[in-house]
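Tertiary structure, described
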Amino acid sequence: MDEVLVTGGSGFIALHCIQQLLDQGFKVRCTVRSEKKRLEVMKAMEHHSSNPDFLTIVFADLLLDEGWEDAVKGCRYVLHTASPFVTQAPTNEDVLIRPAVDGTIRLLNACTVHQVEKVVLTSSFAAICYGHAEHKIYDESDWTQYNDKSVTAYAKSKTLAEKTAWDFVQSLDEKRRFKLTVLNPVGVMGPMLSDDVGTTNAELLLLLKGKFPRVPKLHVGWVDVRDVAKAHITAMTCSNTDSERIILCEKEFWLVEIAEIFRKTGFLRPSLKEMPNIIMKILALFIRDLSGIANYVGQEIYANKDKAKGIFDWEFISIEESAAETAHQLDRMGLVD
Ligand code: NDP
């Protein structure tokens, strides 16, 4: 039975990858960085997976050398989802960049030592669509211009980590080279497998609770977490994804359209009034956390979905369905009131 390492096992996306892998009969090893998270992952799989006994949990931190070789040893495949994912702008961008980039190198080094066959890296659409002068439908040939001052530290961390991975594989001689696929999801929403709401669902919760009296005019692509996990596992075993970056996006929406979906689902707090872009830009002068998104208000950003459609042979879950399910789960968790 093949064993798969999933890094950052406690994460929103990783838990779905682990669940699907276990249910498909793979042995799974995952990394966490605290005992609390180890227990969280165990509990999640006891509740949501049919084969929790096939899961082993080990400790490894992207900022530290120890643990990575033991984590990788014996695994045929690696899904590298771990990376700090925050919406707040850190005072020092290295807080995000160092674990993303150095952690990727630590992991990939261990993959060469232990002759992993294939790595699937969770990058992001944020490594594709930012810092460009012209606006268009972005595809896999585009790279975020990370030195542009509009680019957030998070987008920079994802771009640099992905570039690092491609460069790393290129630098290996044939004998030590493993296969690499990179997935570039847009915003990911959908059901949570632990009590941790996660970064994107936490933002949706603010909208659901009516915390935005006026909704920022943001145009964002979305994909359901179950499709993201399925894409990771498909990419892991399919040779037609080798050496490819693949954007994962079901559909783009203005944030106010997500608010409309919530209202249709029966949640009446989300405002349907949009915030004038100029107000957002002024607010961003005083509230640093808004500075990243303020640069993109009013801009209609689209992702090209053709490559994913050509490779993955299933219909992605609709965002209307995903948003409604997410809202109901957040409500059942007692978080909406
Ligand atoms: P989460 O925040 O839920 O998961 C991130 C994981 O990374 C957690 O397990 C976290 O561990 C781990 N991690 C963070 N820092 C370190 C570190 N120093 N050492 C080891 N592990 C660390 O995010 P998601 O599941 O949503 O995201 C997973 C990946 O997908 C990330 O790479 C993210 O950039 C990418 N992505 C996410 C999108 C989204 O909308 N959710 C969209 C596009 C890409 P801990 O629990 O201990 O903090």
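Above this text sits the structure in question.
Here's what I pulled together on the structure shown here. Along each chain, the written sequence defines residue order, and numbers are assigned to residues from 1. It should be noted that, the model being predicted, local features are given only for residues of pLDDT at least 70 and side-chain atom pairs only at 80 or more, the latter also being counted only at that level, while totals for whole chains, interfaces and linings use all residues. Each side-chain value is derived from all of the structure's non-hydrogen atoms; neither hydrogens nor water enter the calculation.

Brief notes about the site of the ligand
In the vicinity of the ligand there are 26 residues, among which Ser10, Leu62, Tyr154, Lys158 and Val188 approach most closely. Polar contacts here mean pairs of N or O atoms no more than 3.5 Å apart (in protein, one a potential hydrogen donor and the other a potential acceptor; neighbouring residues in sequence count only if both atoms are side-chain atoms). The contact in question runs from an oxygen atom of the ligand to an N or O atom on the side chain of Ser10, over 2.6 Å. At 2.9 Å, a backbone N or O of Ile13 approaches an oxygen atom of the ligand. Put simply, the parts of the chain that give the shell around the ligand at least two residues each are helix H1 (12–23), helix H5 (153–171) and strand E8 (187–189). Each residue belonging to the shell around the ligand can be placed in one class, and the counts come to 12 nonpolar, 10 polar and 4 charged. Nearness is defined per residue: one heavy atom within 4 Å of the molecule or strand is enough. Put simply, DSSP marks the helices as runs of H or I at least four residues long and the strands as runs of E at least two long, and each gets a number from the N terminus on. Gly is put with the polar residues, along with every residue not named as nonpolar or charged; the nonpolar set is Ala, Val, Leu, Ile, Met, Phe, Trp, Tyr, Cys and Pro, and the charged set is Asp, Glu, Lys and Arg.

Details of helix H8 (residues 255–264)
Residues that lie three or four places apart on an α-helix share one face, since the helix turns once every 3.6 residues. Taken residue by residue, H8 has Leu255, Val256, Ile258, Ala259, Ile261 and Phe262 as its buried positions. A positive phi of about 110° marks Gly266, the residue just after H8. Note on classification: 1.4 Å probe, protein chains only; a residue is buried when its accessible area is under 20% of the maximum for its type, exposed when over 50%, partly exposed between these limits.

What about the state of the cysteines?
Throughout, a disulfide means two cysteine sulfur atoms within 2.5 Å of one another. Considering all chains together, one arrives at 0 disulfides under this definition. Cys17 carries a free sulfur, and the closest cysteine sulfur to it, the one in Cys30, is 11 Å from it. The class for Cys17 is buried, based on a relative accessible area of 0%. Counting only cysteine sulfurs, Cys75 is the nearest neighbor of Cys30, a cysteine outside any disulfide, at a range of 11 Å.

As for the sheet that holds strand E2 (residues 27–32)
Here, a strand pair is defined by DSSP locating no fewer than two bridges between the strands. An order of E3-E2-E1-E4-E5-E7-E11 is seen for the 7 strands of this open sheet, with the pairing classed as parallel. Taken across any chain shown, the strands that pair with only one partner, and hence form the sheet edges, are strand E3 (55–59) and strand E11 (245–248). Across the sheet, the mean angle from the axis of one strand to that of its neighbour is 20°, orientation sign disregarded. Relative to E3, E2 is paired through 5 bridges, and the arrangement is parallel. Across the sheet, Val32 pairs through a bridge with Phe59, a residue of E3. By definition in these notes, contact holds between two residues if any of their heavy atoms fall within 4.5 Å. For helices, the fitted axis covers only the stretch in contact; all axes are lines through C-alpha atoms, and the angles between them, taken along N-to-C directions, range from 0 to 180 degrees. Against the sheet, helix H2 (residues 35–48) makes contact with E2 and E3, and its axis sits at roughly 165° relative to E3, the strand it touches most. Those strands touched by helix H7 (residues 225–237) are strand E1 (3–7), strand E4 (77–80), strand E5 (118–122), strand E7 (179–185) and E11, and its axis lies near 155° from that of E5.

Focus on the packing of H8 against helix H12 (residues 319–332)
At a closest axis distance of 9 Å, the pairing of H8 and H12 adopts a crossing angle of 60°. Of the two possible hands of crossing, H8 and H12 adopt the one that is right-handed. Facing Ile258, Ile261 and Phe262 of H8, the residues of H12 in contact are Ile319, Glu320, Ala323 and Ala327. Within the contact of H8 with H12, the residues separate by chemical class into 6 nonpolar, no polar and 1 charged. Crossings are sorted by hand: turned counterclockwise from the far helix by less than a right angle, the near helix makes the crossing left-handed, and turned clockwise it makes it right-handed.

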